[in-house]
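As a plain string of letters, each chain reads:
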Amino acid sequence: RSLRGWRRSAQKRKSVWGSDFERKRETGFWWGTMDARSLLVVCACVMLGQLSPVLSQMCDTSETCDFTVTTAGVQIFIVEGRDYCFNCTSSPADWVVGDFAAGTVNGLQVFSNGILEICDVELATGDVGSSFSVECGDGLVYMLRSIRVGDPVVDPVAPVHEGMNVTLSCTRGINTIAAVYSSSWIGPSGTVLVEQQGTSGLEHTVVGITRDQAGEYTCSVAVELEGSLANQTSAVTVTVYYAPSIQPGSLLPVLVPVNTSVTLTCLFDGLPAPNITWAFNGDPLSMDLFEFNETHTELTLDLLTNGDTGNYTCTATNEVSSSMAKALLNVQVPPDPPTNLVVSDVTEDNVSLSWTNGFDGYSELTSAVVRYQADQTKYPGDPLRELVVTTSPFNSASLTSLTPFTTHTITVALVNAIGEGGPISNSTTTLSLELPQPLLTLSVLSSQELSAEWMLSSYNASTTAPLTSWELTYERRDKETMDYVEPMTMSFTAASSPFPLFQQSFNLTGLEKGTEYRARVVGTNVRGPSLASAYVVAETSVDPPSEPLNLEVYTVNFERLRLQWEAPADDGGRPIDYYRVEYMNVSSGSYNSSENATETVTKIATRVNSTQLMYGLTGLLDNTTYIVNVSAENELFVGPP
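Cut-offs applied
- Residues numbered from 1 in each chain as written.
- Predicted model: local features only at pLDDT ≥ 70, side-chain atom pairs only at ≥ 80, totals over all residues.
- Heavy atoms only, no water.
- Helix = DSSP H or I, 4+ residues; strand = E, 2+ residues; numbered from the N terminus.
- Buried < 20%, exposed > 50% of the residue type's maximum accessible area, 1.4 Å probe, protein only.
- Contact = heavy atoms within 4.5 Å.
- Areas by Shrake-Rupley, 256 points an atom, 1.4 Å probe, with all protein chains shown as cover.
- Pairing = 2+ DSSP bridges.
- Phe/Tyr/Trp six-rings, centres within 6.5 Å; stacked < 30°, edge-to-face > 60°.
- Lys NZ or Arg CZ within 6 Å of the ring centre and 35° of its normal.
- Disulfide = S-S within 2.5 Å.
- pLDDT = per-residue confidence, 0-100.
- Core = buried A, V, L, I, M, F, W, Y, C linked by side-chain atoms within 4.5 Å.
- Salt bridge = Lys/Arg side-chain N within 4 Å of Asp/Glu carboxyl O.

S.K.: A description of the overall build of the protein chain should follow, citing residues and the corresponding values.
M.R.: Of regular secondary structure, the protein chain possesses one helix and 50 strands. Buried residues in the protein chain amount to 41% of all 641 residues. Relative to all contacts within the protein chain whose residues are 6 or more apart in sequence, the contacts with residues 24 or more apart total 64%. Carbon and sulfur atoms form 50% of the exposed surface of the protein chain, whose accessible area is close to 32,600 Å².

S.K.: A description of the sheet that holds strand 14 (residues 166–171) should follow, citing residues and the corresponding values.
M.R.: The strand order 12-14-17 describes an open sheet built from three strands, whose pairing is antiparallel. The open sheet is flanked by strand 12 (153–154) and strand 17 (201–206), the only strands paired with a single partner. Bridging between strand 12 and strand 14 involves two bridges; their strand directions are antiparallel. If you follow Val-154 over to strand 14, its bridge partner there is Cys-170.

S.K.: So, unusual backbone geometry: which residues are in play, and what are the values?
M.R.: That bond from Leu-271 to Pro-272 is cis: its omega, -5 degrees, falls within 30 degrees of zero. Here Pro-272 shows up in the loop between strand 22 (262–271) and strand 23 (275–280). A cis geometry characterises the amide bond from Ser-392 onward to Pro-393, with omega recorded as 10 degrees. Considering the arrangement of structural elements, one finds Pro-393 in the loop between strand 32 (385–389) and strand 33 (396–399). Its identity is not glycine, yet Asn-340 carries a phi of approximately 55 degrees, on the positive side. Its place among the elements puts Asn-340 in strand 29 (residues 339–344). A positive phi angle is found at Glu-486, which is not glycine, with a value near 55 degrees. On the secondary structure map, Glu-486 appears in strand 39 (residues 484–493). The class of Glu-486 is exposed, set by a relative accessible area of 51%.

S.K.: So what about the packing of aromatic side chains? Which residues, and what values?
M.R.: One pass over the structure, following the stated rule, counts eight aromatic pairs. Relative to Tyr-362, the ring of Phe-359 has its centre 4.8 Å away and its plane inclined at 85 degrees; by these criteria the two rings are edge-to-face. By relative accessible area, which is 28% here, Tyr-362 ends up partly exposed. Aromatic ring contacts, followed pair by pair, group Trp-454, Trp-470, Phe-492 and Phe-506 into a single cluster. We note Arg-518 situated over the ring of Tyr-535; from NZ or CZ to the ring centre the distance is 4.1 Å.

S.K.: Quick one: what's the story with the state of the cysteines, residue by residue and with numbers?
M.R.: Evaluation of the coordinates by the stated rule reveals two disulfides. Between the sulfur atoms of Cys-170 and its disulfide partner Cys-219 the distance amounts to 1.8 Å. The S-S bond linking Cys-170 to Cys-219 shows a torsion near -75 degrees; that makes this disulfide left-handed. Remark: Cys-219 occurs in strand 18 (residues 215–225) and Cys-170 occurs in strand 14; sequence separation between them is 49 residues.

S.K.: Give me the lowdown on the confidence of the model for the protein chain, citing residues and values where you can.
M.R.: Of the residues in the protein chain, 75% have a pLDDT of 70 or more, and the chain-wide mean is 78. In the model, residues 1–58 has pLDDT below 50 throughout and makes 139 contacts with residues more than four positions away in sequence or in other chains. The model gives residues 594–610 a pLDDT under 50, and that stretch makes 32 contacts with residues more than four places away or in other chains.

S.K.: Which residues make up the nonpolar core, and what values go with them?
M.R.: Counting residues in hydrophobic clusters, the biggest one holds 22 residues, and the most contacted among them are Leu-251, Trp-278, Tyr-312 and Leu-329. Listed by contribution, the elements that provide at least two residues to this core are strand 22, strand 23, strand 26 (296–301), strand 27 (310–317) and strand 28 (322–332). Excluding residues that lie within four positions of it along the chain, Trp-278 makes contacts with Leu-251, Leu-264, Cys-266, Asp-283, Pro-284, Leu-285, Phe-290, Thr-297, Leu-299, Tyr-312, Thr-313 and Cys-314. In this structure, Leu-435, Leu-450, Ala-452 and Trp-470 belong to the second largest nonpolar core, which totals 19 residues.

S.K.: Explain the environment of Leu-193 to me, and be specific about the residues and the numbers.
M.R.: Tracing the backbone through its elements, the reader meets Leu-193 in strand 16 (residues 192–197). Apart from residues no more than four positions distant in its own chain, Leu-193 is found in contact with Trp-185, Ile-186, Gly-187, His-204 and Tyr-217.

S.K.: Which residues make up the sheet that holds strand 13 (residues 160–161), and what are the values?
M.R.: Strand-to-strand pairing in sheets goes through backbone hydrogen bonds, with the strands running parallel or antiparallel. The five strands lie next to each other as 13-20-22-26-25, forming an open sheet whose pairing is mixed. Of all the strands in the sheet, just strand 13 and strand 25 (290–292) have a single pairing partner and so form its edges. As defined by bridge partners, strand 13 adjoins strand 20 (residues 240–246) across two bridges and the pair is classed as parallel. Each residue of the ladder has a partner; that of His-161, found in strand 20, is Tyr-241.

S.K.: So what's going on with the pairing of strand 37 (residues 449–456)? Which residues, and what values?
M.R.: Pairing of strand 36 (residues 438–446) with strand 37, which is carried by eight bridges, proceeds in the antiparallel orientation. Bridged to Thr-441 within strand 37 is Glu-453. Linkage of strand 36 to strand 37, two consecutive antiparallel strands, is achieved through a turn of two residues. Looking at chain direction, strand 37 and strand 40 (residues 503–508) are connected through six bridges and run antiparallel. Paired with Ser-451 across the two strands is Asn-507, which belongs to strand 40.

S.K.: Could you give me a rundown of the pairing of strand 49 (residues 613–617), with the residues and numbers involved?
M.R.: Every other side chain in a regular strand lies on the same face of the sheet, so the side chains alternate between the two faces. Covered by surrounding structure in strand 49 are Leu-613, Tyr-615 and Leu-617 only, the residues Met-614 and Gly-616 on the alternate face being uncovered. As paired strands, strand 45 (residues 560–566) and strand 49 are joined by five bridges and run antiparallel to one another. In the strand pairing of strand 49, Gln-564 is matched with Met-614.

S.K.: Break down the pattern of salt bridges for me, with residues and values.
M.R.: Throughout the structure, instances matching the rule amount to 16 salt bridges. Linking Arg-371 and Glu-386 is a salt bridge whose minimum nitrogen-to-oxygen distance equals 3.0 Å. On the criterion of sequence distance, the pair formed by Arg-371 in strand 31 (residues 365–374) and Glu-386 in strand 32 is long-range, its members being 15 residues apart. We note a salt bridge from Arg-477 to Glu-516, for which the minimum N-O separation is 3.1 Å.

Structural data, given as structure tokens:
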């Protein structure tokens, strides 16, 4: 006799007990762990005659049998994997299996009621079809023959693409005696997909298989033995490859401040596991920048700059197809400089500004900063002043209290939550202050000449634009109507004047004697004309009248002479009030004034002929020669005779 180690397959064990097991080779035996129905098993083989079954399993302590044999003397088929019980009426039950007492063979146990159990028959290949006997002390003989119902044979299925048709093929295994009762295919969810009666092979086609239908498909073959059914199963795993997909919403637009870091996560699925790549604006990125596993990939970017703004594409590719998702990353930076800085409404100390806002840097604008400073050449050390515009849309401002007639440099920068952007610059010159009102004086140089002198009441070359011209206007006052008439204007420019333009003088000549004149002056610069000076009045001086004209003397009688003359050509600037008549006796050698010796001759106010003037001398000496002088006299002077 000899011992032969044998065991059941893992799959068979699962089909019988519903649990997996492990085996360990130790000291020539196989060890296994089973569920609650089995104990630790020691497998042994005992030769019973020429062919003997391997009764390999140690029995559990419960009296449970798959099949109880009650009829002796007939051949009983024992099927691998079942428990068989035999009755014995003798007491004590003296069981002999083949040539051995039952108590000396593993896989047998005798219960107190005399029942013999052959536990969980397992056959070695050479034992299939062997026969042996089981005897009880009361003479009962049971003739046994071992058979095997083989596992079904299933064709392997290569991985398929989703949507393809998959054909499952199954045939029964080795079966020396039992007839096939039915065959079926069972899906991964346990649902029977197809079942046929009395066939040794079975095919089933899964049409347009989906990823949800992937998994283990089981072929089950039921055979009929001793009036009962024995099920044998084999399984095949169907793997369904499907195109990658990227989870919607896993890549979304991102706003990230400059100089920070960001991690973009792309969640994907697909079988076989997709190959993952990242691209920036269409250009592949190094694999050193990202990590991935079976479900997602992460791309990490550190110390972001404006150059990192763009589209980041995650692409998952396998043998079925590919899928991609794109995320726009906007790196928030300070705003771009404004454009079109316009200066308007310029006065001597105020200006208005407007500009077009630049790109906001992907962050809402919060303010604008205007900085301005007076010309450092003209005003060294003038501080840089700042105005913050806090009213949206931050595209205009007004600057006040500027220095007049000065160039100011102006810059404007926009501000967002990230910081202040670059500036745009411009410059403008404020207007000059208005010229102050000039001061004018007139002085008399002669009876026909006045001197005009004028200057600005105050003048600051830093804040007031230089004078470009003067205009001096003067008018004569008519002695009869007393109106000012005949205005005359004299213009003076830098080219025509030898004097500083802020101080000027000029002589008015060719004037009428003893006549009132008035004058005023206006200065002009780039800002415009100043206020005119106040009118200044002056009167030319009065001269003595010139001698009367065409004096004639006529003898009236022995004691009377008649004088006749014309008015002088020049009254000296004042009306002729009197004519002084002087006459002299040639023999006496002295003049007698008409005022003192005779009488005062007044200007004839009413006359027939305005060019003829007359006077009569009476009381003269007869036959005497006289020298007569006639002179004109005005308000101030007596003219020559």
